[in-house]
Amino acid sequence: MTARWHLLMWPPLLLSLALLVGSQSIFLRGSFFADLRVGRLGSELTLQNYWRVASDGFYLSALWLTVRLSALVVVFTFVLGYPTAYILARMRSVWAPLLLALLVATSFVTIVIKVLGLVILFSPGGLLNVSLLWLGLTDQPVSLRGTEFGVVVGLMYFTIGFFVLLLYGVVRTIPRSLEQAAQLLGAPRWRVFWRVVVPLSLPGIITSALVVFNLCMGAFTSAALIGAGRILTLPVLIQRTVMLDARYAMGATLAAVLLLCGLAINLISILAVGRLKAARRVVA
Amino acid sequence: MATVRLDALEKRYDTTAAVAGVTLDIADGEFLTLLGPSGCGKTTTLRMIAGFIAPSAGRVWIGANDVTTQPPQHRDVNMVFQDYALFPHLTVAENIAFGLVERRAPRAERARRVAELLELVRLPGHEARYPSELSGGQQQRVAFARAIAHPPRVLLMDEPLGALDLKLREAMQEELRRLQRQLGITTVYVTHDQVEAMRMSDRIAVMNQGRVEQLGTPEAIYERPATEFAAGFVGSINFLKGRCVGHEDGCYIVETAAGRLRADTGAARIAGATPVTLAVRPEHLRLDTAAGADGRENRVDGQVAASSFLGNLVQLVVRAAGDLELRVELRAGDRRPPDGATVSVSWPTAKTVLLPSR
């Protein structure tokens with residue numbers, strides 16, 4: 001008789017499904033009714049909320065801002081994180097596991113504390129601004145609060161640990177002998193990187209980049225705390241619409257739009273990668 | 001093509017020496033094998049020639065250039081790796097042309113060279129395949145073709161046949177040897193397989209504990225081993241421990257547990273009553289009942305302790321005085337004494353090698 005271990009899987013699966021689909025469907029269902037403010041919904045099914053989002057420049061620019069900031073975070077995280085992951089993965093030193101452990105540990109520090117640290121560091125009397133003013137590099141204190149740059153930095157603080165950790169694993173699967181073979185074939189270091197390491201880690205780069213992108217699209221804390229009410233990304237806007245304005249139907253509509261955009265961007269990326277010859281070979 | 005010169009090459013890790021002073025001169029076009037057990041320093045030596053490992057001391061010369069401090073891509077050497085190290089995201093043609101692209105060869109010339117090399121390694125028409133679609137032997141050939149696409153001055157091979165099964169390995173040994181002769185590339189080959197080393201090499205360097213124990217042609221190493229390690233590692237051999245007590249008639253006289261035995265002097269120079277080891281290959285031992293021993297034969301009496309039939313030959317173990325065990329190889333047609341029979345084992349003094357005791 002075979003043990004039916006898979007039966008053990010059902011209770012947690014059903015529970016998480018009920019919690020996710022149940023709550024989300026009730027919430028998202030609200031987006032199909034007219035918003036009568038102060039938490040009341042109309043009784044007839046309508047698409048007017050979606051029409052409002054699609055036609056109102058305010059909402060569209062919030063959506064564009066969210067996508068744009070998330071994409072910027074992906075680019076900067078990649079530029080900083082990929083070389084870090086590569087170097088950590090190829091380090092022979094006994095320090096490599098320690099450095100990786102440190103990085104993982106910082107990823108698990110709650111984002112509120114990290115953002116608070118950033119805010120203190122960049123406050124007008126903070127270490128950074130005092131130093132910059134003293135060095136004469138600026139005559140005004142530099143502030144992150146309420147700037148797009150600040151929100152990007154805050155988001156990166158949160159994503160880079162994940163990204164490095166994911167790509168560390170990817171680079172470790174590329175045999176060192178491939179790089180050595182390329183070197184003996186006359187390729188200098190950067191050519192080895194470009195012709196061997198990058199194509200072989202491309203599928204990993206894409207999935208890690210999507211993870212970062214998705215984390216940013218839904219990120220509320222960094223955008224709310226550093227944005228200080230001036231950087232209105234969709235998650236921030238949803239929170240305000242629901243909590244401050246008590247416009248449940250509109251909040252639900254924005255949430256549905258955010259969800260659909262995220263799904264669409266992910267699907268398009270995955271399909272686009274599937275067409276890349278190099279990536280297909282590596283996965284196969 | 002070029003000569004290679006290793007000059008007192010050393011690699012130390014903390015307190016242990018992986019390579020403890022290797023000096024070798026490899027001739028232009030020669031096939032030289034570094035042979036030894038794992039951990040003997042053969043792969044470390046090869047990687048120092050490639051430039052992947054920086055020596056702790058000593059120099060590496062290729063032709064007239066001291067390349068000790070040069071990075072791998074400037075040494076003009078190439079290597080066939082144990083795991084082949086083919087690029088999985090590139091086709092066979094792209095793999096072979098990888099180095100030609102780095103050297104900015106025009107497209108037409110690259111295509112011509114790839115076709116020529118695939119012809120050479122007997123894989124024509126495989127340009128568009130990916131490495132994962134090839135068998136182990138085919139991957140091996142592609143790795144070889146890639147390594148010689150831009151002919152290197154020295155070709156290095158690190159146990160390139162280790163992953164293949166026996167039949168294919170033997171076929172590839174012959175093929176690699178044929179290609180190496182045809183192209184005349186100076187080759188340094190690393191293996192722990194003594195049969196492979198004997199079959200392929202012009203010369204073999206037997207390595208142990210970071211040093212070269214003996215350097216010579218396969219015949220010289222087999223027939224005239226210089227140390228107990230070299231004698232034991234290449235082929236099978238009988239050792240008889242004893243003490244050198246004298247010298248007469250062009251022979252050393254050695255007192256062993258099985259009596260007084262002789263060995264032709266050869267090149268070894270031994271003075272006084274020194275502990276020595278006599279070594280003789282099992283195929284030189286004969287069983288005879290006739291007591292026709294002259295001064296040129298050694299003779300030991302004993303009992304047959306075990307025998308096994310191996311098709312082309314019969315292996316016997318003969319136990320003699322002093323707990324001495326001798327392995328004897330007879331041809332299958334020879335008379336085969338039953339277990340327990342008393343026999344007399346003899347062998348020529350000319351086939352007896354005198355070695356300094358470890």
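Residues numbered from 1 in each chain as written. Chains lettered and ligands numbered in written order. Predicted model: local features only at pLDDT ≥ 70, side-chain atom pairs only at ≥ 80, totals over all residues. Heavy atoms only, no water.

Enquirer: Give a description of the overall build of chain B that names residues and reports values.
Expert: If you tally the helices and strands in chain B, you get eight helices and 20 strands. Taking the principal axes of its C-alpha atoms as reference, chain B extends roughly 75 × 45 × 35 Å. Taken across its 358 residues, chain B has 52% of its residues classed as buried. A separation threshold of at least 6 residues defines the contact pool for chain B, and within that pool the share at least 24 residues apart is 66%. (Helix = DSSP H or I, 4+ residues; strand = E, 2+ residues; numbered from the N terminus. Buried < 20%, exposed > 50% of the residue type's maximum accessible area, 1.4 Å probe, protein only. Contact = heavy atoms within 4.5 Å.)

Enquirer: Please give an account of helix α9 (residues 189-217) of chain A that cites residues and values.
Expert: Look at α9(A): only 36 Å from first C-alpha to last across 29 residues, short of the 42 Å you get at 1.5 Å a residue. A:Leu202 marks the point of greatest bend in α9(A), at about 55°, and the proline A:Pro203 comes within the next four residues. (Expected span 1.5 Å × (residues − 1). Bend = angle between axes of the 7 residues up to and from the residue.)

Enquirer: Pulling in residues and values, what's your account of the nonpolar core?
Expert: The biggest cluster of nonpolar side chains holds 98 residues, and the ones touching the most others in it are B:Leu6, B:Leu34, B:Met79, B:Phe87, B:Phe98, B:Leu156 and B:Val188. Those residues in contact with B:Met79, other than ones at most four positions away along the chain, are A:Leu184, B:Leu46, B:Arg47, B:Ala50, B:Phe52, B:Ala147, B:Leu155, B:Leu156 and B:Asp158. Listed in part, the 34 residues of the second largest apolar core include B:Ala93, B:Ala105, B:Leu118 and B:Val121. (Core = buried A, V, L, I, M, F, W, Y, C linked by side-chain atoms within 4.5 Å.)

Enquirer: Which residues make up the environment of A:Leu118, and what values do they have?
Expert: Within the secondary structure, A:Leu118 sits in helix α5 (residues 111-122). Beyond its immediate chain neighbours, meaning those up to four positions away, A:Leu118 contacts A:Leu144, A:Val153, A:Gly154, A:Tyr157 and A:Ile226.

Enquirer: I'd like a rundown of the sheet that holds strand β13 (residues 259-264) of chain B, residues and numbers included.
Expert: All names here are of chain B. Spatially, five strands are ordered β13-β12-β11-β14-β20 in an open sheet, and the strand pairing comes out antiparallel. The open sheet terminates on both sides in strands that have one partner only, identified here as β13 and β20 (353-356). Neighbouring strand axes in the sheet, compared pairwise and without regard to direction, differ in orientation by 45° on average. (Pairing = 2+ DSSP bridges. Axes fitted to C-alpha atoms, helices over the stretch in contact; angles between N-to-C directions.)

Enquirer: Please provide a residue-by-residue account of the pairing of strand β2 (residues 16-26) of chain B, values included.
Expert: All names here are of chain B. One ladder, built from eight bridges, connects strand β1 (residues 4-13) with β2; its direction is antiparallel. Each residue of the ladder has a partner; that of Leu6, found in β2, is Leu24. Here β1 folds back onto β2, and the loop between the two strands holds two residues, one of which, Asp14, carries a positive phi near 50°.

Enquirer: Before we move on, could you go through the interface of chain A and chain B and cite the residues and values that matter?
Expert: Taken together, the contact pairs 22 residues of chain A with 25 residues of chain B. Between chain A and chain B lies a buried interface of about 2,200 Å² when both sides are counted; carbon and sulfur atoms form 59% of it. Applying the counting criterion to the chain A and chain B interface returns two salt bridges. Of all the secondary-structure elements, those providing two or more residues to the side of chain A that touches chain B are α8 (176-184), α9 and α13 (277-283) of chain A. If you tally residues by element for the side of chain A that touches chain B, the top one is α8(A), at seven residues. Residue classes in the side of chain A that touches chain B are distributed as 13 nonpolar, four polar and five charged. (Buried area = accessible area lost by both parts, 1.4 Å probe. Salt bridge = Lys/Arg side-chain N within 4 Å of Asp/Glu carboxyl O. Nonpolar A, V, L, I, M, F, W, Y, C, P; charged D, E, K, R; others polar.)

Enquirer: Can you lay out unusual backbone geometry for me, pointing to particular residues and giving the numbers?
Expert: At A:Ala228, a position not held by glycine, the phi torsion is positive, near 50°. Structurally, A:Ala228 is set in the loop between α10 (221-227) and α11 (234-244). Residues other than glycine seldom take positive phi values, yet B:Ala8 does so here, at roughly 50°. Looking at where B:Ala8 falls in the secondary structure, it is placed in strand β1.

Enquirer: Tell me about the pairing of strand β14 (residues 275-280) of chain B, and name the residues and values.
Expert: All names here are of chain B. In terms of burial, β14 is largely enclosed, as five of its six residues are buried. With six bridges joining them, strand β11 (residues 238-248) and β14 adopt antiparallel strand pairing. Following the sheet pairing, Phe239 is matched in β14 by Ala279. Relative to β20, β14 runs antiparallel, the two being bridged by four bridges. The partner of Val276 across the bridge, within β20, is Pro356.

Enquirer: Kindly report on the environment of B:Gln194, identifying the contributing residues and their values.
Expert: Residue and element names in this part refer to chain B. Summarising the element assignment, Gln194 is placed in helix α6 (residues 194-200). Exposure remark for Gln194: the relative accessible area of 25% places this residue in the partly exposed category. On a C-alpha basis, the gap between Gln194 and Phe233 in space is 7.5 Å, while along the polypeptide they are 39 residues apart. With residues up to four places along the chain from it excluded, the contact list for Gln194 reads Leu35, Phe233, Val234 and Gly235.

Enquirer: So what's going on with the packing of aromatic side chains? Which residues, and what values?
Expert: Residues and elements named next belong to chain A. With the rule as written, the count across this model stands at 11 aromatic pairs over all chains. A ring pair is formed by Phe78 and Tyr82, whose centres lie 5.3 Å apart and whose planes are at 20°; its orientation type is stacked. In this pair, Phe78 and Tyr82 both sit in helix α3 (residues 57-90), four residues apart, roughly one turn of the helix. Judged by its relative accessible area of 3%, Tyr82 is buried. (Phe/Tyr/Trp six-rings, centres within 6.5 Å; stacked < 30°, edge-to-face > 60°.)

Enquirer: Tell me what's going on with the sheet that holds strand β18 (residues 324-331) of chain B, and back it up with residues and numbers.
Expert: All names here are of chain B. Strands sit in the order β15-β19-β16-β17-β18 across an open sheet of five strands; the sheet is antiparallel. Only two strands of the sheet have a single neighbouring strand rather than two, namely β15 (286-287) and β18. In terms of strand pairing, β15 meets strand β19 (residues 342-348) through two bridges, oriented antiparallel. Residue pairing in the sheet places Leu287 in a bridge with Val345 of β19.

Enquirer: Tell me about the domain arrangement of chain B, residues and numbers included.
Expert: When the parts of a complex come together, some accessible area is lost, and that lost area is often taken as the interface size. All names here are of chain B. Split by domain assignment, chain B resolves into domain 1 (4-232) and domain 2 (236-356). Computed from C-alpha coordinates alone, the two centres of domain 1 and domain 2 are separated by 39 Å. Contacts between the two partners involve nine residues from domain 1 and, on the opposite side, 11 residues from domain 2. In total, domain 1 and domain 2 occlude about 840 Å² of area from one another, counting both sides; carbon and sulfur atoms represent 48% of this. Together, Tyr222, Glu228 and Ala231 form the three largest contributors to the area buried by domain 1 at its contact with domain 2, with a combined 61%. Put simply, domain 1 and domain 2 have one salt bridge between them. Put simply, Lys241 and Glu228 hold a salt bridge, and the shortest N to O gap is 3.3 Å. For the pair domain 1 and domain 2, the interface holds five residue pairs in polar contact (both at pLDDT 80 or more). Among the residues making up the side of domain 1 that touches domain 2, the classes are represented as five nonpolar, two polar and two charged. (Domains from an automatic or database assignment. Polar contact = N/O pair within 3.5 Å; in protein donor to acceptor, adjacent residues only side chain to side chain.)

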